[in-house]
Amino acid sequence: MPLLTKGAADRAAPVTRTGPDGPPGDGRRARRPLGRHNLYGWLFSTPFLALFAVFMAFPIVATLVMSFTDFGARHVTRPLDAEFVGLENYTELFEDDRFLKALFNTAYFVVVGVPLTILLGLLVAILLNNGIDRARTFFRVGFYAPVVTAIVAVAVVWRFVLDPSDGLIAGLAAELGMTAPDFLGSETWAMPSLIAMAVWRNLGTVMVLFIAGLQAIPADVREAARLDGAGAWQEMRRITVPLLRPTMLYATVITTIGYLNVFEEPFVMTQGGPSDATLTVSLDMYREGFNFFHMGYASAMAYVLFVVIMGITVLQLRLLKDNTR
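As the structure is a prediction and not an experimental result, all values here were calculated from the model.

Participant: Please clarify how unusual backbone geometry should be interpreted in this entry.
Facilitator: The linkage connecting Gly273 with the following residue, Pro274, adopts the cis geometry, with an omega of -5 degrees. Among the secondary structure elements, Pro274 is positioned in the loop between α12 (264–269) and α13 (281–291). Even without being a glycine, Asp276 presents a positive backbone phi close to 60 degrees. Phi is positive for Phe293, which is not a glycine, with a value near 60 degrees.

Written out as structure tokens, the structure reads:
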């Protein structure tokens, strides 16, 4: 038989491991049991899981159950006495002219407000990222300040701006010999006024997202486009917008979800008036649940809104995600 050289013998010899990872003579690394580590993980997660179960999971399930009952104020102390009504609450919703009006107002708010917020947020982000060199931080903080400002303070400011007699716009109109409309008291101007307020409040969030997206675009890509003779518009259309599509998708989805749940603006500024011109689904749900104590009916509203939000979100992801690859 031919003799093996020392190097060949070393390569042919089986590898043995000793120590805690494996017994002597075992050619495989022994796997440590993960049961104890999993137990520690569950123990550390217990506080969060308990809070989630009590304050999130239980209310969600309870609301779903209530939407199939006639749960009202008389059932608060005896919830098991609520009568099961099946799909009656859901069928009544789509025969309720007030709910249909609120659904239309919410759709109007979203269709007009979301594109304005996205486009203005992108414009401001581009200006603050490229067009303004001095006091850039000051302007960024200024545009983001409404996001963290309390809705009551925002309402005070906008009531002063929109007041038909002594407001800022009324004063400017008087200087020009014109009469400003009653923005919050007119069925025509009330919803556009709330949309303008919502865009102003949420512009900062979209701006921050787009600034982060712009700063992630490689500088050499822009330089190569300029060397090839691309102008500002071509750079925007061919470079900036395509590379910002993932950011735009995220900004559009979260803005749409927020506007579908719009509640604070009409609740503080108009209470849904005039003549339900600014009544939204969330505000109508609040009234039915906490003013009239129709908890089962309000729960059905909540789940209809949930289905609408899920459907629109999935549609946006399908339509926009293909363009982000």
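Participant: How should I be thinking about the environment of Leu120 in this particular structure?
Facilitator: In this fold, Leu120 is placed in helix α4 (residues 97–131). Overall, the relative accessible area of 37% leaves Leu120 in the partly exposed class. C-alpha separation for the pair Leu120 and Val199, spaced 79 residues apart in sequence, amounts to 8.6 Å. If sequence neighbours within four positions are ignored, Leu120 has contacts with Val199 and Leu203.

Participant: What's the story with the packing of aromatic side chains in this structure? I'm lost.
Facilitator: Geometrically, a pair of aromatic rings is defined through the distance of the ring centres and the angle of the planes. All told, the structure shown has 13 aromatic pairs when counted by the stated rule. For the pair Phe263 and Phe267, a centre-to-centre distance of 5.0 Å together with 20 degrees between the ring planes defines the contact as stacked. Given a relative accessible area of 24%, Phe263 falls into the partly exposed group. In this structure Phe267 comes out as partly exposed when scored by relative accessible area, which is 26%. Counting every residue linked through ring pairs, the aromatic cluster contains Phe263, Phe267, Tyr286 and Phe290.

Participant: Hey, could you run me through the side chain of Ser299 in this one?
Facilitator: Of note, Ser299 is situated in helix α14 (residues 295–321). In this structure the side chain of Ser299 is engaged in a polar contact, spanning 2.8 Å, whose partner is the backbone oxygen of Met295.

Participant: Looking at this model, I keep getting lost on the nonpolar core. Mind explaining?
Facilitator: The nonpolar side chains of a soluble globular protein tend to be buried with one another. Leu93, Phe109, Phe210, Tyr259 and Met269 are the most contacted members of the largest nonpolar core, which has 52 residues in total. When contributions to this core are tallied by element, the ones reaching two or more residues are α3 (88–93), α4, α6 (151–162), α8 (190–215), α11 (245–260), α13 and α14. Looking at which element gives the most residues to this core, the answer is α8, with 12 residues. Dropping the residues within four chain positions of it, Leu93 is found in contact with Phe99, Tyr297, Ala300, Met301 and Val304.

Participant: What exactly am I supposed to notice about the packing of helix α5 (residues 136–144) against α8 here?
Facilitator: The relative placement of two packed helices comes down to the angle between their axes together with the axis-to-axis distance. Packing of α5 against α8 leaves a shortest axis separation of 7 Å and a crossing angle of 140 degrees. The angle between the axes of α5 and α8 places the two elements in the oblique class. Facing Arg140, Phe143 and Tyr144 of α5, the residues of α8 in contact are Leu203, Gly204, Thr205, Met207, Val208, Ile211 and Gln215. Tallied by class, the residues present in the contact of α5 with α8 amount to 6 nonpolar, 3 polar and 1 charged.

Calculation criteria
- Numbering of residues starts from 1 in every chain and runs along the sequence as written.
- Selection of residues for local features in this predicted model requires a pLDDT of at least 70, selection of side-chain atom pairs for listing and counting requires 80 or more, and totals for whole chains, interfaces and linings are taken over all residues.
- The basis for every side-chain value is the complete set of heavy atoms in the structure, and neither hydrogens nor water enter the calculation.
- Counting from the N terminus, the helices are the DSSP runs of H or I reaching at least four residues and the strands are the DSSP runs of E reaching at least two.
- Classification of residues uses two cut-offs on accessible area relative to the type maximum, computed with a 1.4 Å probe and protein chains only: under 20% is buried, over 50% is exposed, and between them is partly exposed.
- Note on contacts: a residue pair is in contact if any heavy atoms of the two residues lie within 4.5 Å.
- Side-chain rings of Phe, Tyr and Trp (the six-membered ring for Trp) are treated as a pair once their centres are within 6.5 Å; stacked means planes under 30 degrees apart, edge-to-face means over 60, and tilted covers the remaining angles.
- We define a polar contact as two N or O atoms separated by no more than 3.5 Å, with the added condition that, inside protein, one atom must be a possible hydrogen donor and the other a possible acceptor, whereas residues neighbouring each other in sequence contribute only through side-chain atom pairs.
- We define a nonpolar core as any set of buried Ala, Val, Leu, Ile, Met, Phe, Trp, Tyr and Cys residues linked to one another through side-chain atoms lying within 4.5 Å.
- To obtain an axis, a line is fitted to C-alpha atoms, over the contacting stretch when the element is a helix, and the angle between two such axes runs from 0 to 180 degrees between their N-to-C directions.
- Any angle that is under 35 degrees is reported as roughly parallel, and any over 145 degrees as roughly antiparallel; angles of 65 to 115 degrees are reported as roughly perpendicular and all others as oblique.
- Only Asp, Glu, Lys and Arg are considered charged in this grouping, and only Ala, Val, Leu, Ile, Met, Phe, Trp, Tyr, Cys and Pro are considered nonpolar; every other residue, Gly among them, is considered polar.

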